[in-house]
Amino acid sequence: MILHGSVIEVAYNVQTVADAANKLVLEYEVTNQNDRKALLPMSQKTKRICDTDAVAVLADKGYHNGEQLTGCEQEDIYTIVAYQEVPRSHPVPTPEYYGERFRYNPKKDQYKCPQGHILKTTGHWYTKLYDESVHKVKHYKTKACGSCAVKHLCTRNPKGA
């Protein structure tokens, strides 16, 4: 089982769903995979077991995965999942310019950086492969990065965003 990064152990992982009101185990599954891809399938099973159209799910940060959270949202599964901090091995970007500090405007499909610059996208989706998972991503850019006084705190890219 992959624990994190390239750390592999001979181990099993138990996914368990418990009913908060009655403190009863509703479902469990023994796997040899980590928690990253378990939120949606276990939540779907919970909806079927409870015979309901919507369900609320509480999970720890091991389940924080954008693909899984999006799938839950699309299936009326309300999620409360602890935010998973991204490990940082380089001092740039600085905490003030981490991705979570950029504000997204869904109506315009654009971001606003902490300096107030607007980052736009061409709308083109790119495929990225992380470990065994395929993710779709879009790039957001602004010409303002080229002349931004704090670019050195925000990105290591010499061309800017």
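Residues numbered from 1 in each chain as written. Predicted model: local features only at pLDDT ≥ 70, side-chain atom pairs only at ≥ 80, totals over all residues. Heavy atoms only, no water.

K.L.:
So what's going on with the sheet that holds strand β8 (residues 110-112)? Which residues, and what values?
P.N.:
Pairing is antiparallel in the open sheet, where three strands are placed in the order β7-β8-β9. Each of the sheet's edge strands pairs with one partner strand only, and the pair in question is β7 (103-105) and β9 (118-119). Bridging between β8 and β9 involves two bridges; their strand directions are antiparallel. When the bridges of β9 are listed, K112 appears paired with I118. (Pairing = 2+ DSSP bridges. Helix = DSSP H or I, 4+ residues; strand = E, 2+ residues; numbered from the N terminus.)

K.L.:
So what's going on with unusual backbone geometry? Residues and values would help.
P.N.:
The phi dihedral of D76 falls on the positive side, at around 55°, and the residue is not glycine. Counting through the fold element by element, D76 comes out in the loop between α2 (66-74) and β6 (77-81).

K.L.:
Please set out the pattern of salt bridges residue by residue, giving values where relevant.
P.N.:
Under the definition given, this model contains four salt bridges. For E27, the salt bridge goes to K45, with nearest N and O atoms at 4.0 Å. A residue pair is termed long-range when its members are at least 10 positions apart, and E27 in strand β4 (residues 24-31) and K45 in helix α1 (residues 39-50) qualify at 18 residues. On the basis of relative accessibility, which here comes to 21%, the residue E27 falls in the partly exposed class. Under the relative-accessibility criterion, K45 is labelled partly exposed at 23%. Across the salt bridge formed by K37 and E67, the nearest N and O atoms sit 2.4 Å from each other. Here K37 is found in the loop between β4 and α1, whereas its partner E67 is found in helix α2, with 30 residues between them in sequence. By relative accessible area, which is 36% here, E67 ends up partly exposed. (Salt bridge = Lys/Arg side-chain N within 4 Å of Asp/Glu carboxyl O. Buried < 20%, exposed > 50% of the residue type's maximum accessible area, 1.4 Å probe, protein only.)

K.L.:
So what's going on with the layout of surface pockets? Residues and values would help.
P.N.:
In this model, the second largest pocket occupies a volume close to 430 Å³. Taken together, 20 residues form the lining of the second largest pocket, with T16, V17, A18, V57 and L58 sitting closest to its centre. Looking at the lining of the second largest pocket, the elements with two or more residues in it are β3 (13-19), α1 and β5 (55-59). Residue composition of the lining of the second largest pocket, grouped by class: 14 nonpolar, four polar and two charged. (1 Å grid on protein atoms, 1.4 Å probe; cavity = no way out; pocket = protein on both sides within 12 Å on 5 of 7 lines; lining within 4 Å. Points joined across faces, edges and corners; volume = space filled by probe spheres on them. Nonpolar A, V, L, I, M, F, W, Y, C, P; charged D, E, K, R; others polar.)

K.L.:
So, the nonpolar core: which residues are in play, and what are the values?
P.N.:
For soluble globular proteins, nonpolar side chains are generally found buried alongside one another. Grouped together as the largest cluster of nonpolar side chains are 13 residues, with contacts concentrated most on L39, V57, A59, Y63, C72, I77 and V81. Those elements that provide at least two residues to this core are α1, β5, α2 and β6. In this structure V57 touches L39, S43, I77, Y78, T79 and I80, once residues within four positions along its chain are discounted. (Core = buried A, V, L, I, M, F, W, Y, C linked by side-chain atoms within 4.5 Å. Contact = heavy atoms within 4.5 Å.)

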